[in-house]
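# Topology and contacts: notes
Okay, here's what each chain looks like letter by letter:
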Amino acid sequence: MSHAGNAGGQPGTQRTTYRAPVLSEPSRAYAELVAGNRRFVGGAPHHPNQDAGHRAAVADGQHPFAVIVGCSDSRLAAEIIFDRGLGDLFVVRTAGHTAGPEVLGSVEYAVTVLGTPLVVVLGHDLCGAVQAARESAATGTAPSGHLGAVVDAVLPSLRRAEAEGVDDIDGIVDIHIAQTVETLLGQSPVLADEVARGRCAVVGMSYRLAAGAVRPVAAVPAGFATLDTPADPAAPATV
Ligand SMILES: [Zn+2]
């Protein structure tokens, strides 16, 4: 029995390996993510880069092709919903995908040191952090402990939604995703410079918990996210 490519693994259990090349172009990185999400939505994931051979291959260095700044929600696991594996995604997650100093520093590390060409802000429908902020604003009460910091970080998005006349929770989530994209770029001149030079793009995506599909809701540079997302016909084709 051959154990080629399955060093340390159990015979017969190796999964299909679908290795992506080292991606340096934002558009190729985005296409790779969308393709992975389509496989996941369609129930035909490849589970790429999760075998023991690949684990060993990436032990000496990483070249992730996307940074995911996502909500911590347990149903939003980046490598699962984008059908990727070890070394593919540089993931930073907080409740409500807030963008404080440590998050900004992590993004800058990936973009400037690792050369990652794409930053994705990943939110989702029915986000608990957004709902908590909404309740706090409605009642005028702040949550106890450090949860207040999460709520405070989401409140600017609530005020923006109110100014735009948006009051449904999913509409507010979309605004919060777009707001986080703007915050990343506004607070990180390093990231903004990489985008201005064309070496990186930032895309905001919203994930639907039941369907498993992502759709773009914001992009810098404008018009970058031009790939359609057929899993969600209501999604805009371009943002
Ligand atoms: Zn959430």
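Residues numbered from 1 in each chain as written. Predicted model: local features only at pLDDT ≥ 70, side-chain atom pairs only at ≥ 80, totals over all residues. Heavy atoms only, no water.

A tally of helices and strands in the chain yields eight helices and five strands. Listing every helix and strand of the chain by position from the N terminus yields α-α-β-α-β-α-β-α-α-α-α-β-β. Long-range pairs, those at least 24 residues apart, make up 63% of the contacts in the chain between residues at least 6 apart in sequence. For the chain, the accessible surface area stands at approximately 11200 Å², while carbon and sulfur atoms represent 54% of it. (Helix = DSSP H or I, 4+ residues; strand = E, 2+ residues; numbered from the N terminus. Contact = heavy atoms within 4.5 Å. Areas by Shrake-Rupley, 256 points an atom, 1.4 Å probe, with all protein chains shown as cover.)

Turning next to the packing of aromatic side chains. Applying the stated rule across the entire model yields two aromatic pairs. Centre to centre, the rings of Phe90 and Tyr109 are 5.9 Å apart; their planes meet at 45°, and the pair counts as tilted. Here the residue Phe90 occupies a position in strand E2 (residues 89-94), and Tyr109 occupies one in helix H4 (residues 101-113), the gap between them amounting to 19 residues. Assessed through its relative accessible area of 37%, Tyr109 is described here as partly exposed. (Phe/Tyr/Trp six-rings, centres within 6.5 Å; stacked < 30°, edge-to-face > 60°. Buried < 20%, exposed > 50% of the residue type's maximum accessible area, 1.4 Å probe, protein only.)

This brings us to the nonpolar core. Core analysis: the largest hydrophobic core is formed by 64 residues, its most contacted members being Leu118, Val119, Leu122 and Leu191. It is helix H7 (residues 169-187) that contributes the most residues to this core, nine residues altogether. Contact partners of Leu122, with chain neighbours within four places excluded, come to Ile68, Val69, Gly70, Cys71, Leu76, Ile81, Phe82, His97, Met205, Tyr207 and Val214. (Core = buried A, V, L, I, M, F, W, Y, C linked by side-chain atoms within 4.5 Å.)

Between its terminal C-alpha atoms H7 stretches 26 Å, which fits the 27 Å expected from 19 residues at 1.5 Å a residue. For H7, the tally of buried residues reaches 14 of 19 residues, placing the bulk of the element in the interior. (Expected span 1.5 Å × (residues − 1).)

In this section: the coordination of the zinc ion. Geometry reference: four tetrahedral donors at a metal, ideal angle 109.5 degrees. Six octahedral donors, ideal angles 90 or 180 degrees. Only Cys71 (SG), His124 (NE2) and Cys127 (SG) from the protein reach the zinc ion as donors, at distances of 2.1 to 2.3 Å. Taken in sequence order, the residues that donate to the zinc ion follow the motif C-x52-H-x2-C. Pair noted here: Cys71 is in strand E1 (residues 66-71) and His124 is in strand E3 (residues 118-124), with a separation of 53 residues, a long-range link. (Donors = N, O, S within 2.8 Å, 3.2 Å for Na, K, Ca; no water.)

For the rest of this paragraph, the subject is the environment of Ala153. Along the chain, Ala153 turns up in helix H6 (residues 147-163). A sequence separation of 24 residues divides Ala153 from Ala129, and the C-alpha atoms of the two residues are 9.8 Å apart. Those residues in contact with Ala153 that sit more than four places away from it in its chain are Thr98 and His176.

Another aspect to go through is the pairing of E1. Burial of E1 is extensive: six of the six residues sit out of reach of the surface. In this structure, E1 lies alongside E2, joined through six bridges in parallel fashion. Across the sheet, residue Ala66 finds its bridge partner in E2, namely Leu89. Bridging between E1 and E3 involves four bridges; their strand directions are parallel. Each bridged residue has a counterpart across the sheet, and for Val67 the counterpart in E3 is Val119. (Pairing = 2+ DSSP bridges.)

We now examine the pairing of E3. Of all the seven residues making up E3, seven are buried; the element is thus mostly covered by neighbouring parts of the structure. Residues Leu118, Val120, Leu122 and His124 of E3 are buried on one face, and the alternating residues Val119, Val121 and Gly123, pointing to the opposite face, are buried as well. Relative to strand E4 (residues 201-207), E3 is paired through seven bridges, and the arrangement is parallel. By the bridge assignment for E4, Val121 is matched with Gly204.

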